[in-house]
Structure formats: C-alpha cells, structure tokens
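Architecture and fold: a report
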Amino acid sequence: MSVNVLFAGRPDRWAEYQPLLDAALAREGIDAHVSPEIAPEEVDYIVYAPNGPVQDFTSYTRAKAVLSLWAGVEKIVDNETLTQPLTRMVDDGLRRGMVEWVTGHVLRHHLGMDAHIVNPDCVWKQGAPPLAPDRPVTILGLGALGIACAEALMGLGFPVTGWSRGPKDVPGVRCLAGNAGLDAALEGAEIVVLLLPQTPETENTLDARRLALLPRGAVILNPGRGPLIDDDALLAALDEGHIGHATLDTFRVEPLPDDHPYWRHPRVTVTPHIASDTRAGTAADVIAENIRRSEAGEPLLHLVNRTLGY
Ligand code: NDP
C-alpha cells in the first residue's frame, strides 16, 4: 500500500527535496507519494519545518508522525493541535556543519587570529598562543551535536568538559550533569560552547552569576538558541571586560533587530543563524528511515520527549 507524505518544509526547498525524498523512500522499499499538496485527511506523514506552511495539525486525522527537518523543536513542542509522535532532525550534514562552525570559531579565539586579520596600523607583534592542551573548553549540551563537537575539539588536543541534564559517559570528556555540575563546568572554562535546546529549564543558563564563574577573558560561542543567555548580563560582562568575546549565532529575536547592541559591540561577533543547516541529501535518508520504521511497527528514531521539551 502506498503512503502519502506531505512536504511541509519551506516551499522553496521542495525542488531540492523532491528527488532526494523519492529516492530515499524507494531505497527503504516504501511505495510513497510525496508532495507539498495532499488533502489533509489523506496525509500519512508530515515532513515539517517551523518556517513551512503547516502549523495547525487538527485536520491531519490520519497522520502517523510529524518528522521535523529542524534539530531544535521549541516552536512546535507546545503545539496543542499536535497529537502525533514528533521526531527531530539528527542528520550527518547538520552534525558536520556544526562541527566545522564550532571548531572554526574555537580556533579563531584560541589562536587570537583577529590580531593579524584586523591590523590597520601594520604592527609586527609576535607572540605564541598557548597550545590546545592548555585551553580548557566546556560544551553545554552533550547531545548529537555537542558530542560531535567535543570529539573534534579533543582531536585537536583541547581538554573538553561537557554538561548535560542526565549523567553521560563520553570517552575522553569530563562529563558533568545537574546544577552543581554546571558551576564546575564553568569554573576554569576559557571557551564555552552552548549546544543546549531551548526549553523552560535551559532559559538563561548563562546568567550574571554563572558568567561570573568563568575566568576573566573567557569566550562564549552560542550556536544553540538565543534564550540560553541572559543578554543584559552578557552585555554587562562584555562591557566590563570579564567576558573577552561572544560569538553569537542565535538570538531571542531573529533576524537580530538593527538597533540591537550586539551588532556594534566591539567584543561581539554576530552570525545570522548559519552555524549549521539540515542538508537535504542526508536528511531525506533520516526521514525515509523513520517512515520505514513506522510502517514496520519499529520505534521511531530521534523521538521528541514533549514533557522535557526536546
Ligand atoms: P540533543 O537533544 O541531541 O542534545 C541536547 C543536549 O542538551 C543533551 O545532552 C541534553 O541532556 C542537554 N540538555 C537538555 N536540557 C538540559 C538541561 N535542563 N540541563 C542540562 N542539559 C540539558 O540536541 P542536538 O545536539 O541535536 O542539538 C542541540 C541544539 O542545537 C538544538 O536544540 C538547537 O537548538 C541547536 N541547533 C542550532 C543550529 C544552528 O544553526 N544554530 C543548528 C542545529 C541545532 P541529556 O543528554 O541528559 O538529554
């Protein structure tokens, strides 16, 4: 029997996704009709994105699952019209992109590259940075993306501490959990990377008290979500020089408003939520595998726990 898969991602991505989803479903042995236009009562699976056309699921009475193209699900997790299981995206392309962004920005700050890239007075100023083993890095969030970044940074020699909700055991990483673990993870961290999901519990994870635990001059990278940081506390810590630099990819309001102080702050780098993107080729495989699993009565991969919010 054929299954109807509604593509409810961003409409301008349909042309890219169509052949990839068709091919991935065929490889999984699924006879499927994939389209951005299917009558709601005939839809079996919904491929979803927060910037796509479907945000009210009431009329999708036959749908067996909603398969998000995004890793972060904060925009859908509280949707009361959603009664079907929800999966989030864990995709090799997304993972690789995040590893590249995080590694690149860690190395920028670790090596002090700005001093040579921006040198209008042509100053010949030598000086070697410490080597990676002398630069402690902490990653808040040890999930699909946090672990991949931890492993890449360890490969370069950085001592990595990771923090998660529940206890974790990642070889080579100093793994901490819970509130007490967070304080310990921040003390001594010269570079902090936020890769937590946005949930009621993670809001303002970096507040004034916790920013003060970091050593003077520490650098913050936030590819996670804007609300993880108390913006006023961060701006105060940057103004005072306690935080040396913040490279921010995610914000409470996106696009970041023109008059936001982050844009022009000398210690802030703004990147426009581009740290990593779902890649259609690898994402189509994940979607197809989950549809096969659902049809076979197997558990779905990357199921969202709607109580925890991620
Ligand atoms: P995962 O769900 O795999 O990992 C989340 C991690 O955060 C887990 O280790 C989890 O702990 C931890 N966590 C959750 N809540 C808490 C808490 N209250 N206290 C401590 N730790 C907590 O997510 P991913 O790694 O796939 O993605 C992380 C986030 O990255 C996404 O939610 C999204 O916001 C962001 N992202 C940003 C992109 C960008 O371009 N800027 C692109 C893609 C994702 P535990 O292991 O115990 O469950």
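Bear in mind the structure is a predicted one, so any value in this text is a computation, not a measurement.

Focus on the side chain of Arg225
Residue position: Arg225 is located in the loop between strand 10 (218-222) and helix 7 (231-240). According to the relative accessible area criterion, Arg225 is buried, its value standing at 12%. Within polar-contact distance, the side chain of Arg225 engages the side chain of Glu74 at 2.7 Å. In this structure the side chain of Arg225 is engaged in a polar contact, spanning 3.5 Å, whose partner is the side chain of His273.

Things to note about the site of the ligand
Arg88, Gly166, Lys168, Pro223 and Tyr310 are the nearest of the 30 residues found near the ligand. One nitrogen or oxygen atom from the main chain of Ser276 is found 2.8 Å from an oxygen atom belonging to the ligand. A total of 950 Å² of accessible area belongs to the ligand in isolation, and the protein chains cover 92% of it. For the shell around the ligand, the secondary-structure elements that each account for two or more residues are helix 2 (92-111), helix 4 (144-155) and strand 7 (160-164). Examining the composition of the shell around the ligand, we find that 3 residues originate from one element, helix 4, more than from any other.

With respect to a nonpolar patch on the surface
Taken together, the side chains of Leu111, Met113, Ile117 and Val118 make up a nonpolar region of the molecular surface, amounting to roughly 380 Å² of accessible area. Positionally, Ile117 belongs in helix 3 (residues 114-117).

Some remarks on unusual backbone geometry
Residues Glu254 and Pro255 are joined by a peptide bond in cis, for which omega reads -5°. In the Ramachandran plot, Cys122 falls in the positive-phi region, its phi being about 55° despite a non-glycine side chain. Tracing the backbone through its elements, the reader meets Cys122 in the loop between helix 3 and strand 6 (137-140). Cys122 gets classed as exposed once you look at its relative accessible area, which sits at 68%. One non-glycine residue with positive phi stands out, namely His302, at about 60°. Structurally, His302 is set in the segment after helix 9 (280-296).

Quick notes on helix 1 (residues 14-27)
An ideal rise of 1.5 Å per residue puts 20 Å on 14 residues; helix 1 measures up with 20 Å between its terminal C-alpha atoms. Those residues of helix 1 lying buried are Trp14, Tyr17, Leu21, Ala24 and Leu25. End-on view of helix 1: buried residues confined to an arc of 100°, all on one side of the axis. Facing away from the buried side of helix 1 by over 90 degrees, the exposed positions are Ala15, Ala26 and Arg27.

As for the sheet that holds strand 6
Taken in spatial order, the 7 strands of this open sheet run 8-7-6-9-10-11-12, and their pairing is parallel. The strands lining the two open edges of the sheet, one partner per strand, are strand 8 (174-177) and strand 12 (268-270). Strand-to-strand twist across the sheet, computed as the mean angle between neighbouring axes with direction ignored, equals 15°. Of the strands in this sheet, strand 10, strand 11 (243-248) and strand 12 are in contact with helix 7, which crosses strand 11 at around 135°.

Section: the domain arrangement of the chain
When cut into domains, the chain gives domain 1 (2-91 + 278-295) and domain 2 (94-270). Here the C-alpha centroids of domain 1 and domain 2 sit 33 Å apart. Listed by partner, the interface residues are 10 residues for domain 1 and 5 residues for domain 2. Interface area, domain 1 with domain 2, both sides summed: about 610 Å², of which 51% is carbon and sulfur. Remark: the boundary between domain 1 and domain 2 carries 1 salt bridge.

Cut-off values and rules
Residues numbered from 1 in each chain as written. Predicted model: local features only at pLDDT ≥ 70, side-chain atom pairs only at ≥ 80, totals over all residues. Heavy atoms only, no water. Helix = DSSP H or I, 4+ residues; strand = E, 2+ residues; numbered from the N terminus. Buried < 20%, exposed > 50% of the residue type's maximum accessible area, 1.4 Å probe, protein only. Polar contact = N/O pair within 3.5 Å; in protein donor to acceptor, adjacent residues only side chain to side chain. Near = heavy atom within 4 Å. Areas by Shrake-Rupley, 256 points an atom, 1.4 Å probe, with all protein chains shown as cover. Patch = residues over 30% accessible without salt bridge, like charges linked within 9 Å, V, L, I, M, F, W, Y side chains within 5 Å. Salt bridge = Lys/Arg side-chain N within 4 Å of Asp/Glu carboxyl O. Expected span 1.5 Å × (residues − 1). Arc of directions from axis to C-beta. Pairing = 2+ DSSP bridges. Axes fitted to C-alpha atoms, helices over the stretch in contact; angles between N-to-C directions. Contact = heavy atoms within 4.5 Å. Domains from an automatic or database assignment. Buried area = accessible area lost by both parts, 1.4 Å probe.

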